[in-house]
Amino acid sequence: MENNIVGRHLISDLVVQTFKEDINTTLQGIISLHPIEYAILTPDLIIQKTSLGIDKFSEPQAATVGHDIRDGFPELIGLEQVMNNILEKKVMSFHLQGVAREVLDQSSTHHDVYIFMGMDGDQKECLVLLIEDVTEQMKNRQILLQAVNETTLLMMSMTDKSNYIESLNKNLQHIALTDSLTKLANRRHFDQYLEMEWKRMAREQKPLALILCDVDFFKLYNDAYGHVAGDKCLQEVAVVVAENVKRPGDLAARYGGEEFAIVLPNTYIQGAVQLAETLRQKLAIKAIAHSGSPDSQIVSLSLGVVSVIPHQDISINWLTMEADEALYKAKNTGRDRVISADHL
């Protein structure tokens, strides 16, 4: 019998099976044994119900009823196929370990996420997420890992130590800053890089451009083809983006879900719009079928573009809001187009 571990307590196949029969009773039984938080989701990953303390582990004010769980727990982005496999009974459960989250006082927490299938009050299939606080366990693991690494380094020559540390740091940095599905920069990398380039362009008084783009009718694509095909679609869009964002100082990132972002230092609006239009056209040439789109039979992009020379009267938030507003206009004036906001 397969067992799934929650802290020091075991959730057996039999207990997992009871999630399909009586969610509330099972949750109460587990909570009585072990302090956890939980969320109950529709098959489309919309939150139906949560425990009161779930905000401790989610993005601020994002894990609320009626919202997509990925807004509150972005670590679930890219795991859509895993959750679909659970609903299709191909796997029984999934365990995501040691997720870090910064909280308001700048400290960090760590939590594990467990995903099961259940039946809601109307006897419809749903997903159940259990969230366990493992902050202390992670601290202990880090202390142990540090001790192991120190012991390993003592046994190496000085040259080997230097090479080992350099290689380890590069690998860890790459993993921490890369989106696992698209292999582009992740949201954390994007935020860090945008802030760095904003400050640099402010010092040098040069323009900084930002492109935000969104795959049109992506939910309908998932509905028509399934989440596996949806992930493949995002990967193909990412390839188009990566192949055309070529300058060493530019950064292409997965902004969230089906959204992508491109940071273009020292770029005026004309150059940014030209690149955005190139991305739109190159994706159209790939002609990825999208039978669920009401506007077109292929996958398309809507793009919002802004460029500005940073100064003390505006902030990074202003830049992203302007790009988002341009993207909003692109999507509300027909999609599959580029809209720019020129502030130079």
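Just above sits the structure.
Residues numbered from 1 in each chain as written. Predicted model: local features only at pLDDT ≥ 70, side-chain atom pairs only at ≥ 80, totals over all residues. Heavy atoms only, no water.

Undergrad: Before we move on, could you go through the packing of helix α7 (residues 187-204) against helix α11 (residues 316-332) and cite the residues and values that matter?
TA: Viewed as axis vectors pointing N to C, α7 and α11 meet at an angle of 115 degrees, and their least axial separation amounts to 10 Å. Between α7 and α11, the crossing angle belongs to the class labelled roughly perpendicular. The handedness of the crossing between α7 and α11 is right-handed. Counted together, Leu194, Glu195 and Trp198 of α7 and Ile316, Leu319 and Thr320 of α11 form the full contact between these two elements. Residues that form the contact of α7 with α11 fall into these classes: four nonpolar, one polar and one charged. (Axes fitted to C-alpha atoms, helices over the stretch in contact; angles between N-to-C directions. Helix = DSSP H or I, 4+ residues; strand = E, 2+ residues; numbered from the N terminus. Parallel < 35°, antiparallel > 145°, perpendicular 65-115°, else oblique. Left-handed = near helix turned anticlockwise from the far one by under 90°. Contact = heavy atoms within 4.5 Å. Nonpolar A, V, L, I, M, F, W, Y, C, P; charged D, E, K, R; others polar.)

Undergrad: Explain α7 to me, and be specific about the residues and the numbers.
TA: Between its terminal C-alpha atoms α7 stretches 25 Å, which fits the 26 Å expected from 18 residues at 1.5 Å a residue. Among all positions in α7, only Phe190, Tyr193, Leu194, Glu197, Trp198 and Met201 are buried. Along the axis of α7, the buried residues cluster in a sector spanning 140 degrees; they form a single face. Elements in contact with the buried residues of α7: β8 (208-215), β9 (251-256), β10 (259-265), β11 (301-308) and α11. The backbone nitrogen of Arg188 lies 3.3 Å from a side-chain oxygen of the residue at the head of α7, namely Asn186. Once α7 finishes, Gln205 follows within two positions and takes phi at roughly 50 degrees, a positive value. (Expected span 1.5 Å × (residues − 1). Buried < 20%, exposed > 50% of the residue type's maximum accessible area, 1.4 Å probe, protein only. Arc of directions from axis to C-beta. Polar contact = N/O pair within 3.5 Å; in protein donor to acceptor, adjacent residues only side chain to side chain.)

Undergrad: Describe the packing of aromatic side chains, and please don't skip the residues or the numbers.
TA: A full pass over the atoms with the stated rule returns three aromatic pairs. Between the aromatic rings of Phe190 and Tyr255, the centroid separation amounts to 5.3 Å while the plane-to-plane angle is 90 degrees, which identifies the pairing as edge-to-face. One end of the pair, Phe190, is in helix α7; the other, Tyr255, is in strand β9, with 65 residues separating them in the sequence. On the numbers, 6.2 Å between centres and 5 degrees between planes, the contact of Phe218 with Tyr221 is stacked. Residue Phe218 and its partner Tyr221 are located together in helix α8 (residues 218-225), separated by three residues, close to a single helical turn. Each member of the pair, Phe218 as well as Tyr221, carries the same accessibility label: buried. One aromatic cluster is present, built from ring pairs that chain together Phe218, Tyr221 and Tyr225. Positioned above the aromatic ring of Tyr255 is the side chain of Arg187, whose terminal nitrogen or guanidinium carbon lies 4.0 Å from the ring centre. (Phe/Tyr/Trp six-rings, centres within 6.5 Å; stacked < 30°, edge-to-face > 60°. Lys NZ or Arg CZ within 6 Å of the ring centre and 35° of its normal.)

Undergrad: Residues and numbers for the side chain of Asn186, please.
TA: Summarising the element assignment, Asn186 is placed in the loop between α6 (158-177) and α7. Those residues in contact with Asn186 that lie beyond four places of it in its chain are Ala176, Leu177, Thr178, Asp179, Ala253 and Arg254.

Undergrad: Give a description of the nonpolar core that names residues and reports values.
TA: Formed by 31 residues in total, the largest nonpolar core has its most connected members in Ile211, Val215, Val237, Phe260, Ile262 and Leu303. Taken together, the elements giving at least two residues each to this core come down to β8, α8, α9 (227-244), β10, α10 (269-286) and β11. The contacts of Ile211, once residues within four sequence positions are left out, are Phe260, Ala261, Ile262, Leu264, Ala272, Leu275, Ala276, Leu303, Gly304 and Val305. Judged by nonpolar contacts, the second largest core, of 22 residues, contains Phe57, Leu76, Ile86 and Leu87. (Core = buried A, V, L, I, M, F, W, Y, C linked by side-chain atoms within 4.5 Å.)

Undergrad: Outline unusual backbone geometry, listing residues and values.
TA: One non-glycine residue, Phe217, lies in positive phi territory at about 55 degrees. Residue placement: Phe217 occurs in the loop between β8 and α8. Given the relative accessible area of 17%, Phe217 is considered buried. The phi angle at Arg335 is positive, at roughly 60 degrees, despite the residue not being glycine. Tracing the backbone shows Arg335 in the loop between α11 and β12 (338-342).

Undergrad: Explain the sheet that holds strand β7 (residues 125-133) to me, using residue names and the numbers behind them.
TA: An order of β4-β3-β7-β6-β5 is seen for the five strands of this open sheet, with the pairing classed as antiparallel. Taken across any chain shown, the strands that pair with only one partner, and hence form the sheet edges, are β4 (47-50) and β5 (93-102). For this sheet the average axis-to-axis angle between neighbouring strands, irrespective of direction, equals 25 degrees. Where strand β6 (residues 108-119) and β7 come together, nine bridges link them in antiparallel fashion. Bridging from a neighbouring strand, Tyr114 pairs with Leu130 of β7. (Pairing = 2+ DSSP bridges.)

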